[in-house]
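Overview (structure and organization)
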Amino acid sequence: MSLKNILENWSHYRRGIEQGGHHKYEHMWGMALDLNKCIGCNACSVACYAENNLAVVGHDRFAKNQVMHWLRIERYWDEPDLDKVSDSTSQYQEHGASFLPMMCQQCNAATCEPVCPVAATYHTPDGLNAQVYNRCIGSRYCSNNCPYRLRYFNWFSFYESSWPAPLHLQLNPDLTVRDKGVMEKCTFCVQRIRVAKDKAKMENRKVVDGEFQTSCQQSCPTTAIVFGDMLDPESKVSTLWRTHQVELGKTKQAKQNRELRGYRVFEALNTEPKVMYMERVREV
Amino acid sequence: MSGIEINRRDFLKVMGWSGAGVALAACDMPSTVTLEEGKEEVTAYILPEEYVIPGIGVYYASTCQQCSAGCGIHGRVREGRVLKFEGNPDAKINYGKLCQMGQGGVQAHYNPDRITKPLVRKGGALVEASWDEALGLIKQHVGPESALSGDKFAWVTGTVSGHQAVLLQAHLEAMGSGNHFVHEVINNAVGQAVNSDMLGETQPTYRFDEARVIVSFGADFLGTWMSPVHFATQYAKFREAPRGILVQIEPKMTLTGANADLWLAVRPGTEGVLALGLANTLLVKHKRDASVLPAEVQEMIARYDLDTVQRITGVTGDRIVKVAGWLDSQSPSLVLAGGTAEGQEHGYETAAAVMLLNIILGNVGRTIVSSGDLPYAQMGPKSGNNQALLNFAETVEKGGLEAVFFYNTNPVYTAPSFLKLTDKLNSVPFKVAFAQFPDETAMRADVVLPIHSPYEDWGTHVAAYNGTQIGVQQPLMEPLNPTTHGFGDLLLEMLKLRKAETYGGFADYYAYLKQAISALPVELAQPARLHDAQWQQALQTGLIPVQRSARAISAKALAVNLPDYTQNGQYPYHLVPSPRLGLWDGRHANIPWLQEAPDQISKVVWDSWAEMHPATAQKLGVTQGDVVTITSDQGAVEAKVYIYKGIHPDAIAVPLGQGHEKEFSRYAKDRGVNPLKVLSPVRDAKTGELALYGTRVQIAKAGRHEKLVKMGGSEIQVGRKLVATVTADVFRRTEGGQDVA
C-alpha cells in the first residue's frame, strides 16, 4: 500500500464496513456455530492442537495464563453466587452449563490489525485476519486490542520443551512451529484453505463448498460447526447467516424476526466478526 | 497353511468365523488409487512405496484404540509419519467424527515414555534384555516343557474382540485354562445384566434420534458411556427441530448433565426410588396402562408416592411431576440407567426400576430395539468389568496361579487398596506384561514385552455397541522402534509354543489376518485360495460390513427391591469417583494434550480436584482451592476443592485419571490422586460387580490452600451476551416443529 495509492484512492480506503469496507475479497471464509448442538466435549480444541502444532505449556505456565489453545471452550454457569446458597438463588445448576467454543473471530474490522506497528497482522483477500510470524516483533498490541482475548503470545521457545522426541514427529509440516516473541492465533486452518485453493486452480474451477473442512469442524461429533465461503451465496454458511438474518456490514442487525437465534459475540463493538453463533436452547 | 490337513469346520474356527453361517455383504473391487494426480485418497498401506509423494498427505484407514468404542479412523500420513487422526466417514460408529481421546492417539503413539526394549527382572530390578532372552524365559515358564497348564495360567486384559479375541481364546484353550479376566473400570456390566434379564438381549440399540424425551439416570452418554461419539452424532439429530427434551438425573453433573434441559441432583443411590416415583406418577396421575406390569410390580410401584420419593431422593415433587408430564405427553421416549445409578450396592435393582419406566412407556421395540446377533460369535467383544478384577484378586489370593499375562489393562493402578493386589501379585511367580508404557502393572512384571502402538499394528475389532461393521486395524506407519513387536504376532508366537501343528503355518499375524479376511465371504471349498479383492477392500475402507441376524426384543417386567436411604454417621458423604472423557480411567494421563485440555465441567487442568456443593463448603468452612482430606474406611485422598452447584450436597466428586506412579509418564508424574484406591469393598448384590459409587466418606479440612489451575476467569457471564439462551418454544416457532405436541 504505497503512499501514492493511498492518496489517489483516499475515498475508497475511507469506506467503513457499512459501505463494504475497502478490501477486494476473493473469498470470505466464515463460520456458523450452533450452541443447540455443541456439547462442550473438547474434540475441536484437541483437534486444533493436533492440526496446528500448538504447544503444550504445562501446569505452571497454564497457571500464568500462558496457554496456547487457539480454540478454547468457555463454560459459564447460569446461577451466580457459586460459593454460597441463599433463598434468592437456585440450589442447583438445573439447566446445565453454557458452552462457548471461541476461536479467532476473523473480524472484518479487526481491532488487532491497525495497532500492529509492523503490519504483521493484516487482512487477506480471503477475508482472513492473518498473522505473519516472521514479521511479528512481539509488541503484543494486537492481543491487548482483541476484545475476545483470542491471541496467544509465545513467552518461551516452546519447541525446546513441548515436543520431546519422538513427539516432534507428529508436527504438521504444512505450518511452522512458532518461536519465542511471536503472537499466534487461529487461522481458520489456512493451510487447508491453501491446499483446496491450489487444487481448484489446478483443475481450473472454483473451490466447492464443503470440499475441505477446518480441523475443528471435521472432528465435531455433533456437527455444530459449519464453515465456508460467505461470498458464495449457496454455501451452507451463507445460507445459515441468511436464515438467521445476520448480515455482514451491519453495525446493528435489523432482524425481521427477532426470535431467530443467530448472533455475534460483542457485535456492538463493530469489529465485524465472521463467526455467527446460534443461541443455546433450553426447554424451560 | 499349505501342507496342513484341516477340515472346514476347524478352519473356520481357527480363522474366527465360526458361528451362524456366512452373513457378509457383497464387496466390490476397490477403485484404483490415483495418487500420481496429487489427489489425497484412502489407500491400503501395502501399496508400493512409489505412491508416497513428498508433500502429499495420504490417508490410511484403521480403528481407534483409545477406548473400546471402536471408532473408524483415517490416519494422515506424510513422508512416512502419521500426523493426525480423522474420523472415518464410512464408519457407522462415528460417521467421520472423533473425540479428543481419539485425537490424542498420535501422542500415545509418539509418546516419549514408551517402552522400546524388552525388560526382564534380575535381582529384583527390571533390566533391558534381548528378545531372545525374554522369549526364552517365557518358553521356559509357559512352554510345553514347563508342564504348566490348566488354571495355573491366566490372562488379564482390557476389552478384546475380533481376531485377537479368537487367538487369545485359542491360547487359553491350548493352555487348558479358563482364566481370562477382562477388566474395565468404566463399564456397563450391571446395565447389561438387566438388559439380559428384562429384554432378553445383553446390549440392545438405543434410538436417540427417534426419542422425543430422554431421561437418563447417570448414563453419561455424551461423555463416558459405551460409545460417546456415536451417541453424540445421534444426540445432534435428537436436538434438531422439533427438538427432544433431555433430563439428566445424577449426583454429580456429567458432560451429558451439562447439556440437559433439566438437570436434577439426586441423593446418591436413590435413583431407583426416583424412577419408581416417576412410574407411580405415570400410572396414577396420567392413568398409564398398568396391565403391562404384573400385579406384584404394580403393588411395589404403588408404595412410591410423591411424598415418599421426595423424602428419600431429595428431588422436589414439582420436578418429578414435570418430568412425568413430559414422559407422558412426548412419545416415544427413552429412559437410560448407567454410571452413578448402577454403581451401587443395589445397582441392578436401580437399573431394573429404570427399565420398568421403558416398559410402562412402551419404549421397548421403539427406541430400544434389538441389535441382532453377530454371526461370528467367536469374534464378538469380551467386554470388561470390575468384577473380573475382584475375581482376579481372589484367584491370586487362593494361590496356585503360576503365570499371568497382562495386556491392555493396568490393574495395579485401578485396583482399590482393599484388594491388596500389589502385595498379592508377589505370590505369582511369573508375570508377563505386553505393554506399550511403563505403567504400574508392567513395572511389577517379571518380563515386559514392548508392543507396537495400536497404530503400528494389525488387528480386527467388533464394537460392543453398534457392532455392524468389523473395524480393521492396520499400521499407519512403520514401527517407530524396530525393537517393539505386534501384539498379534506375539500372541501367535505364544500359540505356536503349544499348537505348532495348527498355527505354525502362519509366518506372522499379518499372514493370519490376511488369510482370515480373504477367506471370509465365500464358500470355503479351497481354504488356501486367497481372495485378494476382499482383503484389499478391507484395508482400503478399514471396515468389513456384517449383517447381524434379526432378533425379536420383548420386555419382561421384574419386581425390584430398593432399600430406604440410610445415613452413615461416621462417613456422611458419598464419594463419586467420576470418569472423564479425556483421561478416561487413567490410561490417557500420559497424553499431554489431554492433560492440558480442561475438564469439560470444572475446567481444571493437569490436576485432581474435589467437586463440592456450596452448602457443603459452607458447612465445612472451605473455599475454592482449600485442600480437603477425603477419608473412607479404606484410606484417604487429598484434593483441592472446586465449588459449584452441579453436585448434590451429600456427594463429593474426585475425577479418575491422576495419581500415577512416577515411572508411567513424565506428564502424569506427581499429578493429583487416584480415588479408586479408597473405594470400599461394596458390590452390587445381584451381579457381584464392584459398586464404583457405593463408598461413603468423611471430609476434613487439610488446612492448606493451593491455587486451583483452571481455564477462564469468570464462572458467569456477568451480563454480557456471550452465550444467549432461548426457550425451546421459540426454537420450534422459528426452526420448525411447533405443530408437534
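Some words on the overall build of chain A
In terms of regular secondary structure, chain A is built from eight helices and 11 strands. Rg of the C-alpha trace for chain A: 20 Å, near the compact-globule value of 19 Å for 284 residues, within the 12% margin. Seen through its C-alpha atoms, chain A measures out along the principal axes to roughly 70 × 55 × 40 Å. Counting over 284 residues, chain A shows a buried share of 59%. Of the contacts made within chain A by residues no fewer than 6 positions apart, 64% connect residues no fewer than 24 positions apart. As displayed, chain A has an accessible area near 12200 Å², and 52% of this comes from carbon and sulfur atoms.

Examining the nonpolar core
Counting 243 residues, the largest nonpolar core has F188(A), Y277(A), F217(B), F221(B) and F392(B) as the members making the most contacts within it. With 10 residues, the single largest contributor to this core is helix 14 (residues 347-360) of chain B. Both domain 1 (189-232 + 240-369) and domain 2 (573-705) of chain B contribute no fewer than three residues apiece to this core. Residues within four places of F221(B) in sequence aside, it is in contact with F208(B), I214(B), S216(B), P228(B), F231(B), Y235(B), L246(B), T256(B) and L336(B). Judged by nonpolar contacts, the second largest core, of 58 residues, contains F11(B), V120(B), A174(B) and Y503(B).

Focus on the domain arrangement of chain B
Residue and element names in this part refer to chain B. Parsing chain B into structural domains produces domain 1 (189-232 + 240-369) and domain 2 (573-705). Averaged C-alpha coordinates put domain 1 and domain 2 at centres separated by 26 Å. For the domain 1 and domain 2 pair, buried surface summed over both sides reaches about 2000 Å², with 70% attributable to carbon and sulfur atoms. Counting across the domain 1 and domain 2 interface gives two salt bridges. E611 is paired through a salt bridge with K252; the nearest N and O atoms lie 2.8 Å apart. Here domain 1 is connected to domain 2 by 11 residue pairs in polar contact (both at pLDDT 80 or more). Contributing elements (two or more residues each) for the side of domain 1 that touches domain 2: helix 6 (189-199), helix 8 (255-258), strand 12 (262-265), helix 13 (339-342) and helix 14. No other element matches the three residues that helix 6 contributes to the side of domain 1 that touches domain 2.

Some remarks on the sheet that holds strand 20 (residues 543-545) of chain B
Residues and elements named next belong to chain B. Across the sheet, three strands lie side by side as 18-19-20; this open sheet has antiparallel pairing. With one partner strand each, in any of the chains shown, strand 18 (459-462) and strand 20 form the two edges of the open sheet. Pairs of neighbouring strands in the sheet enclose a mean axial angle of 25°, with direction left out of account. In the sheet, strand 19 (residues 469-473) pairs with strand 20 via three bridges, with the strands oriented antiparallel. Each residue of the ladder has a partner; that of G471, found in strand 20, is L543.

Focus: the pattern of salt bridges
Two side chains carrying opposite charge are able to pair once their charged atoms lie near each other. Under the criterion given, the structure shown has 55 salt bridges over all chains. The salt bridge partner of E26(A) is K197(A), with a shortest N-O separation of 3.8 Å. Here the residue E26(A) occupies a position in the loop between helix 2 (10-13) and strand 1 (29-34), and K197(A) occupies one in helix 6 (residues 190-202), the gap between them amounting to 171 residues. Classification of E26(A) as exposed rests on a relative accessible area of 52%. Take K197(A): its relative accessible area is 17%, and that puts it in the buried class. Taking the shortest distance from any N to any O, the salt bridge between E735(B) and R261(A) comes out at 2.6 Å.

Some thoughts on the sheet that holds strand 11 (residues 245-250) of chain B
Residue and element names in this part refer to chain B. One open sheet holds the four strands; their spatial order is 12-11-10-13, and the pairing between them is parallel. Of all the strands in the sheet, just strand 12 and strand 13 (333-337) have a single pairing partner and so form its edges. Across the sheet, the mean angle from the axis of one strand to that of its neighbour is 10°, orientation sign disregarded. Here five bridges tie strand 10 (residues 213-217) to strand 13, and the two strands are oriented parallel to one another. Across the sheet, residue S216 finds its bridge partner in strand 13, namely L336. Relative to strand 13, helix 14 is tilted by about 175°, and along the sheet it contacts strand 10 and strand 13.

Description of the side chain of S665(B)
Residue and element names in this part refer to chain B. For S665, the position within the fold is in the loop between strand 25 (651-655) and strand 26 (696-705). Given the relative accessible area of 1%, S665 is considered buried. A distance of 3.4 Å separates polar atoms of two side chains, one belonging to S665 and the other to D113. Beyond its immediate sequence surroundings of up to four residues, S665 is in contact with D113 and N590.

Here we look at the environment of D307(B)
Take D307(B): it is sitting in helix 11 (residues 306-313). In this structure the C-alpha to C-alpha distance between D307(B) and G317(B), which are 10 residues apart in sequence, comes to 7.5 Å.

With respect to empty space enclosed by the protein
All names here are of chain B. Using the criterion set out here, one finds 13 cavities of 30 Å³ or more in the structure. The calculated volume of the largest cavity comes to roughly 120 Å³. Lining the largest cavity are 13 residues, and of these N195, Y206, L336, A337 and M355 lie nearest its centre. Across the lining of the largest cavity, the residue classes break down as nine nonpolar, three polar and one charged.

A few points about helix 6 of chain B
Residue and element names in this part refer to chain B. Of all 11 residues that make up helix 6, eight are buried, and the element is covered over most of its length. Among all positions in helix 6, only A189, V190, G191, Q192, V194, N195, M198 and L199 are buried. Check the buried side of helix 6 and you find it contacts strand 9 (205-206), helix 13, helix 14 and strand 14 (368-369). G200 occupies a position one or two residues after helix 6 and carries a positive phi of about 75°.

Describing unusual backbone geometry
In the segment running from A165(A) into P166(A), the intervening peptide bond is cis, with an omega of 5°. Assignment of secondary structure puts P166(A) in the loop between strand 6 (152-153) and strand 7 (183-184). For N204(A), which is not a glycine, the phi torsion comes out positive at approximately 55°. As for its placement among the helices and strands, N204(A) is situated in the loop between helix 6 and helix 7 (215-219). Even without being glycine, V718(B) reaches a positive phi, approximately 35°. Structurally, the position occupied by V718(B) is in the loop between strand 26 and strand 27 (725-727).

As for the interface of chain A and chain B
With 84 residues of chain A at the interface, the matching set in chain B holds 96 residues. As a salt-bridge pair, K37(A) and E240(B) come within 3.2 Å of each other at their nearest N and O atoms. There are 50 residue pairs in polar contact (both at pLDDT 80 or more) connecting chain A and chain B. Those elements that place two or more of their residues in the side of chain A that touches chain B are helix 3 (43-52), helix 4 (59-63), strand 2 (72-77), strand 3 (97-102), helix 7 and strand 11 (280-282) of chain A. For the side of chain A that touches chain B, the class distribution of residues is 41 nonpolar, 25 polar and 18 charged. The pairing of strand 11 of chain A with strand 27 of chain B spans three bridges and is classified as parallel. Following the sheet pairing, V281(A) is matched in strand 27 of chain B by V726(B).

Quick notes on the rules
- Residues numbered from 1 in each chain as written.
- Chains lettered and ligands numbered in written order.
- Predicted model: local features only at pLDDT ≥ 70, side-chain atom pairs only at ≥ 80, totals over all residues.
- Heavy atoms only, no water.
- Helix = DSSP H or I, 4+ residues; strand = E, 2+ residues; numbered from the N terminus.
- Rg over C-alpha atoms; globule rule 2.2 N^0.38 Å.
- Buried < 20%, exposed > 50% of the residue type's maximum accessible area, 1.4 Å probe, protein only.
- Contact = heavy atoms within 4.5 Å.
- Areas by Shrake-Rupley, 256 points an atom, 1.4 Å probe, with all protein chains shown as cover.
- Core = buried A, V, L, I, M, F, W, Y, C linked by side-chain atoms within 4.5 Å.
- Domains from an automatic or database assignment.
- Buried area = accessible area lost by both parts, 1.4 Å probe.
- Salt bridge = Lys/Arg side-chain N within 4 Å of Asp/Glu carboxyl O.
- Polar contact = N/O pair within 3.5 Å; in protein donor to acceptor, adjacent residues only side chain to side chain.
- Pairing = 2+ DSSP bridges.
- Axes fitted to C-alpha atoms, helices over the stretch in contact; angles between N-to-C directions.
- 1 Å grid on protein atoms, 1.4 Å probe; cavity = no way out; pocket = protein on both sides within 12 Å on 5 of 7 lines; lining within 4 Å.
- Points joined across faces, edges and corners; volume = space filled by probe spheres on them.
- Nonpolar A, V, L, I, M, F, W, Y, C, P; charged D, E, K, R; others polar.

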